[in-house]
Amino acid sequence: MTTVLEVRDIQKSFGKTEVLRGVSFSIERGEIFGFLGRNGAGKSTLIHILTGVKYPTSGSFQILGLPIEEAKRHIGVFPDIDQFYNEWTAMQHLTFFAKLQKIPCSKAELEALLRQVGLQNEMKKKVKQYSFGMKKKLGVAQALIGQPDFIILDEPTSGLDPESAIHMRQLIHQMAANCQTVFVTSHNLNELEKMSDRIAILKEGHISNIGTMEQLRNVSNYAIEIHIMLDRTPEEAFLQTLTTRYEVNDTNVTLFLQKKEDVAECIRALVFANYAIYKVTQKEQTLEEIFLQTES
Ligand SMILES: Nc1ncnc2c1ncn2[C@@H]1O[C@H](COP(=O)(O)OP(=O)(O)OP(=O)(O)O)[C@@H](O)[C@H]1O
């Protein structure tokens, strides 16, 4: 595994307001890393620090083991799409930004980028003729100039129609498949859950939760249900040996378990006692539920 981003105890204050109070995490090559936090949590502040636009008050970070000035050429950043020039075409924009970033890029390579993001039919149109979604695609093409190792996408799908959002997610998966590392923010938690390999939640200046969805789900919150059919009155003393929570109806019983580890033993005991299991379900917490729980 190659560590692409290592953030160590970053703090950032604006005057007396402490926005980041010691943020530390690392991201490995090829990961899609979702970064989540309520409005004003400090996501953009951290992105500005990672892209060298702002300095941290204290703490440090490295990208591919390099300090920011050397790392800049390895970072692709999704731009503010309002800053595109209305009178320029997509090709003019990419040519300009490639030169600005001193990245040698042929016309064919830039055209390939525009094809990759789905702007093959709009290459020669001026940006003033672009829809919002087309501008976002141009923004992604700009972030991909020079095939950077580390790509930062701040809200890449906000305001996109469902089809364009799906295309954007596919692009992000392509980047990861291409061994590029993607740091992505979104307020669409369902999308972030589907897309990210790992997710970090920023709360009150700290990373309050970090990990895969499996790791983020609090084990004690697993709601596993075992449903059994009744052909006789259930022996409640027996059910109580299996779990503290169960519901008995006329025709069936539902047993509620908290831990995955208890499921096999419970099923074994029920089968041994000749109960007919007809359904086992596990309701997993969504990212939205985890986030709301973290924020409450
Ligand atoms: N230059 C600045 N001067 C003073 N305060 C600032 C400055 N930049 C950001 N802040 C404050 O820092 C906090 C974090 O802002 P930031 O833009 O990083 O949040 P965010 O998580 O990106 O929010 P959103 O989801 O709304 O984009 C906010 O309270 C904001 O007002």
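Residues numbered from 1 in each chain as written. Predicted model: local features only at pLDDT ≥ 70, side-chain atom pairs only at ≥ 80, totals over all residues. Heavy atoms only, no water.

1. Observations regarding unusual backbone geometry
Not every positive phi belongs to a glycine, and aspartate 9 is a case in point at roughly 50°. Mapped onto the secondary structure, aspartate 9 falls in strand β1 (residues 3-14). A positive phi angle is found at leucine 64, which is not glycine, with a value near 55°. Checked against the element boundaries, leucine 64 lands in the loop between β4 (58-63) and α2 (68-71). (Helix = DSSP H or I, 4+ residues; strand = E, 2+ residues; numbered from the N terminus.)

2. A short note on the site of the ligand
As a structural note, the neighbourhood of the ligand is formed by Phe14, Val19, Arg38, Asn39, Gly40, Ala41, Gly42, Lys43, Ser44, Thr45, Lys54 and His187. Glycine 42 is positioned such that a nitrogen or oxygen atom in its backbone is 2.9 Å from an oxygen atom of the ligand. For the ligand, an oxygen atom lies 2.6 Å from a polar atom in the side chain of threonine 45. When the ligand sits alone it has 640 Å² of accessible area, and the protein chains cover 56% of it. (Near = heavy atom within 4 Å. Polar contact = N/O pair within 3.5 Å; in protein donor to acceptor, adjacent residues only side chain to side chain. Areas by Shrake-Rupley, 256 points an atom, 1.4 Å probe, with all protein chains shown as cover.)

3. A closer look at the nonpolar core
Across soluble globular proteins, you tend to see nonpolar side chains buried next to one another. By size, the foremost hydrophobic cluster in this structure holds 47 residues, and its most contacted members are Leu114, Leu138, Leu153, Ile172 and Met175. Here this core takes six residues from helix α6 (residues 162-177), the largest share from any one element. Among the nonpolar cores identified, the runner-up in size contains 28 residues, and Phe33, Ile47, Leu66 and Leu202 belong to it. (Core = buried A, V, L, I, M, F, W, Y, C linked by side-chain atoms within 4.5 Å. Buried < 20%, exposed > 50% of the residue type's maximum accessible area, 1.4 Å probe, protein only.)

4. Considerations on the sheet that holds strand β12 (residues 252-257)
Overall, antiparallel pairing links the four strands, which are arranged β11-β12-β10-β13 in an open sheet. The strands lining the two open edges of the sheet, one partner per strand, are β11 (245-248) and β13 (276-283). Adjacent strand axes in the sheet meet at a mean angle of 15°, parallel and antiparallel pairs treated alike. Across four bridges, the pairing between β11 and β12 is antiparallel. Bridge pairing in β12 places valine 248 opposite valine 253. Relative to the sheet, helix α10 (residues 263-272) contacts β10 (223-229), β12 and β13, its axis offset from that of β10 by approximately 10°. (Pairing = 2+ DSSP bridges. Axes fitted to C-alpha atoms, helices over the stretch in contact; angles between N-to-C directions. Contact = heavy atoms within 4.5 Å.)

5. Overview of the sheet that holds strand β2 (residues 17-28)
Spatial ordering of the open sheet is given by β2-β1-β4, a layout of three strands whose pairing is antiparallel. Every interior strand has two partners, whereas the edge strands, β2 and β4, have only one. Here the average twist between neighbouring strands, direction ignored, is 15°. Sheet topology places β1 next to β2; nine bridges connect them, and they run antiparallel. Bridging from a neighbouring strand, isoleucine 10 pairs with valine 23 of β2. Against the sheet, helix α1 (residues 43-50) makes contact with β1, β2 and β4, and its axis sits at roughly 120° relative to β1, the strand it touches most.

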